Amino acid sequence: MREAAQSKAGGYPVTTLPCGHRRWAGWGLRAVLALAALFFWPGAGLAQTMRVGNLDLTLVGTLSLAYDSNVDDIYPDDEKPGMIKDDFYLMPSLSIQSQTLTMWPRITFNVSGMIGYEDYFRRNDLDTEVYNVAVNFQTAHPRLTLGGMVSVDYSVDGIEDQYVPGGTSRDPVLTLDANAFANWNYRILRLEFSEEYSREMHRFEQYQAGDQEEITTTASIFLDVFRWGSLFYTWERVVTTQLQSEQETTEITQTFGIDGSIPVDILRRPKITYQFGFSYEDEQVDQTAGREEPTWEPTHSITVSDEFDLSKSIHLSLSATWEDTWENSTPDFALPGQNKDNEDDEVTFQYNIKLTQLLGPRAQHSLTFTQEPEATFGSNSDTESTTYGYDFSLRDLLVYGLNFSFSAVYELETPLGVPHPETEKTTTITTGLDHTRQLSRKLSRNLSYVYTWENSNFHHGGANEKHLVMYTLIYAF
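Residues numbered from 1 in each chain as written. Predicted model: local features only at pLDDT ≥ 70, side-chain atom pairs only at ≥ 80, totals over all residues. Heavy atoms only, no water.

Secondary structure summary: the protein contains 2 helices and 23 strands in total. Across the 477 residues in the protein, those meeting the buried criterion constitute 34%. Restricting the contact set of the protein to residue pairs at least 6 apart, pairs at least 24 apart contribute 54%. A total of about 27,400 Å² of accessible surface is found on the protein, and carbon and sulfur atoms cover 57% of it. (Helix = DSSP H or I, 4+ residues; strand = E, 2+ residues; numbered from the N terminus. Buried < 20%, exposed > 50% of the residue type's maximum accessible area, 1.4 Å probe, protein only. Contact = heavy atoms within 4.5 Å. Areas by Shrake-Rupley, 256 points an atom, 1.4 Å probe, with all protein chains shown as cover.)

Right, let's talk about the nonpolar core for a bit. By size, the foremost hydrophobic cluster in this structure holds 15 residues, and its most contacted members are L55, L57, L59, Y131, V152 and L174. Within the residue set of this core, elements represented by two or more residues are β2 (55-68), β3 (87-98), β5 (107-120), β7 (144-155) and β8 (173-186). For this core, the element with the most residues is β2, which contributes 3 residues. (Core = buried A, V, L, I, M, F, W, Y, C linked by side-chain atoms within 4.5 Å.)

Evaluated as defined, the whole model comprises 10 salt bridges. Across the pair D72 and R123 runs a salt bridge whose closest N-O atoms are separated by 3.0 Å. Of this pair, D72 sits in the loop between β2 and β3 while R123 is found in the loop between β5 and β6 (128-140), placing the two residues 51 residues apart along the sequence. The two residues D72 and R123 agree in class, both being buried. (Salt bridge = Lys/Arg side-chain N within 4 Å of Asp/Glu carboxyl O.)

Glancing now at the packing of aromatic side chains. Enumeration according to the criterion identifies 11 aromatic pairs in this entry. Residues F369 and Y388 carry aromatic rings whose centres are separated by 4.9 Å and whose planes lie at 45° to one another, so their mutual orientation is tilted. With a gap of 19 residues between them, F369 in strand β18 (residues 363-375) and Y388 in strand β19 (residues 382-394) connect regions that are remote in the sequence. On the basis of relative accessible area, F369 is assigned to the buried category, the value being 17%. One aromatic cluster in this structure is built from Y67, F88 and F121. Across from the ring centre of F222, 4.3 Å away, lies the NZ or CZ of R190, which sits over that ring. (Phe/Tyr/Trp six-rings, centres within 6.5 Å; stacked < 30°, edge-to-face > 60°. Lys NZ or Arg CZ within 6 Å of the ring centre and 35° of its normal.)

Let's shift gears to the confidence of the model for the protein. Regions with low pLDDT carry predicted coordinates that are not meant to be interpreted in detail. The predicted model of the protein has a mean per-residue pLDDT of 79, with 73% of residues at 70 or higher. Across residues 1-48, confidence stays below pLDDT 50; counting only partners more than four residues off in sequence or on other chains, it has 73 contacts. Confidence over residues 376-381 falls short of pLDDT 50; this stretch has 12 contacts with residues more than four positions distant or in other chains. (pLDDT = per-residue confidence, 0-100.)

A cluster of nonpolar side chains, contributed by L63, L65, F88, L90, F121, L447, V469 and Y471, occupies part of the molecular surface with about 680 Å² of accessible area. Mapped by element, the contributors of at least two residues to the nonpolar patch are β2, β3 and β23 (464-476). The topology assignment puts V469 in strand β23. With relative accessibility at 33%, the residue V469 sits in the partly exposed group. (Patch = residues over 30% accessible without salt bridge, like charges linked within 9 Å, V, L, I, M, F, W, Y side chains within 5 Å.)

On to the side chain of H459, then. As for its placement among the helices and strands, H459 is situated in the loop between β22 (443-456) and β23. A distance of 3.0 Å separates polar atoms of two side chains, one belonging to H459 and the other to D77. (Polar contact = N/O pair within 3.5 Å; in protein donor to acceptor, adjacent residues only side chain to side chain.)

With respect to the helices, strands and loops of the structure, Q247 is situated in strand β12 (residues 247-260). As a C-alpha pair, Q247 and Q212 span 35 residues in sequence and 9.7 Å in three-dimensional space.

With respect to the element layout, T241 can be found in strand β11 (residues 229-242). Take T241: its relative accessible area is 16%, and that puts it in the buried class.

Before going further, it helps to examine the pairing of β2. Sheet topology note: the β2/β3 ladder contains 12 bridges and is antiparallel. Paired with T62 across the bridge in β3 is S93. When β2 meets β23, the two strands line up antiparallel, connected through 9 bridges. Its bridge partner being in β23, V60 is matched across the sheet by A476. (Pairing = 2+ DSSP bridges.)

On to the pairing of β5, then. Alignment of β3 against β5, held across 7 bridges, turns out to be antiparallel. Across the sheet, the residue bridging to S95 is M114, located in β5. Note that strand β4 (residues 101-103) and β5 share 3 bridges and pair antiparallel. Among the inter-strand pairings, L101 is bridged to a residue of β5, identified as F109. Where β4 folds back onto β5 in an antiparallel hairpin, the turn is made up of 3 residues, including R106, whose phi is positive at roughly 60°. In terms of strand pairing, β5 meets β6 through 12 bridges, oriented antiparallel.

Here the focus is the environment of A219. Within the element layout of this structure, A219 appears in strand β10 (residues 212-223). For the pair A219 and N183, spaced 36 residues apart in the sequence, the C-alpha separation amounts to 9.9 Å. In this view, A219 contacts E192, F193, Y233, T234 and W235; residues no more than four positions away in its chain are not counted.

This part is about unusual backbone geometry. Unlike most non-glycine residues, R187 shows phi in positive territory, near 55°. Within the secondary structure, R187 sits in the loop between β8 and β9 (189-202). Judged by its relative accessible area of 70%, R187 is exposed. Of note in the backbone geometry, E246 takes a positive phi value of approximately 60° without being a glycine. The residue E246 is located in the loop between β11 and β12 in this model. Take E246: its relative accessible area is 66%, and that puts it in the exposed class.

Shown next, in the form of structure tokens:
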């Protein structure tokens, strides 16, 4: 029945989850439903704050009706023939947040969760559940601190810190995270141990090259012998498994040196700090490829930062970090600057500038400039990123509670380590209106409109445009 209705709606394809993804998504959804059922169990009466055992919970329900003019977030030259581009969708959701619960002995515990469903009127292939559950705990003793976290998250926003040429389109991702840590201290001695697990799985095939599982084990020893830092030794083991190719990478890094920032009190301003240390890296790509030659990497960096109030309404902040990492792949240690055929000197320079001005009590604007490398999606290479930005915001435009925002961003993305790289130049303009009104003590309404225009030299069929209008009712039980 549903497939027949889809064919009548425009003949668009039906996107289904692979078997493994269905298993994980179904497991996460059942977990959230079970949690919600527990909260609504008879006896846990609804109130502004409800109580389950000793746990105080705040429950909020929302219902959103939205119109999206570009549901796939794609450029015109990426559009598929016969694919419906715009649609309405309905999204009910329920969120729960607990207050921090103190249990004996000295244990704190809290839990949060959200479940929702995006139901498109015509593009039924985009119908999806969204949910997250997170549990945190910690216990503190005079010298020992223990803690951990478990979370499950399924969202459609994708991974924000990954670079996709041409911009990020709709990317539903299931993320599982868990970690545990133990910290012990006695006078100047500190011992730290942590174990982290993460699993990331993408729903759509074009992003599944990024499906991976990672386990990180870290152990550190610190001697706080300086006011500004510590002598340290850290051992870290990262095991990464690419779920599509089943290729496993094991990377062991041993680092020792001085942790902290040495203040350089030559000038009163700006603030200058210096850091240095040594790292020993031993990497094994998989079980059959054998071990790569271990490397020593002395690293030192200089950071300069300062803030200025140019007037009562104008504020300037800036920082710059220069870092030099010297790599020697021979077992014999040598100082930087010695003539070695296999010596590799990597220098990075990162800087940030932000100028902010208040335009009366309700408006402000700012200019930003940043440059930094970032990881490229699905690759081990790096990308040099330069960003110019402008932001403007105005509160209570015409009527109380009506807010206006505008931003313009120009980005340059250049892959590093690639012969004859091509730089992507992207211009993004975002503007919107937002109005919230309290309808009653527990019920509020939000009406918002956002327009996004993005243009890239990697696309020649026109800009990526999107109009998003959303009407939301929010009820606090």
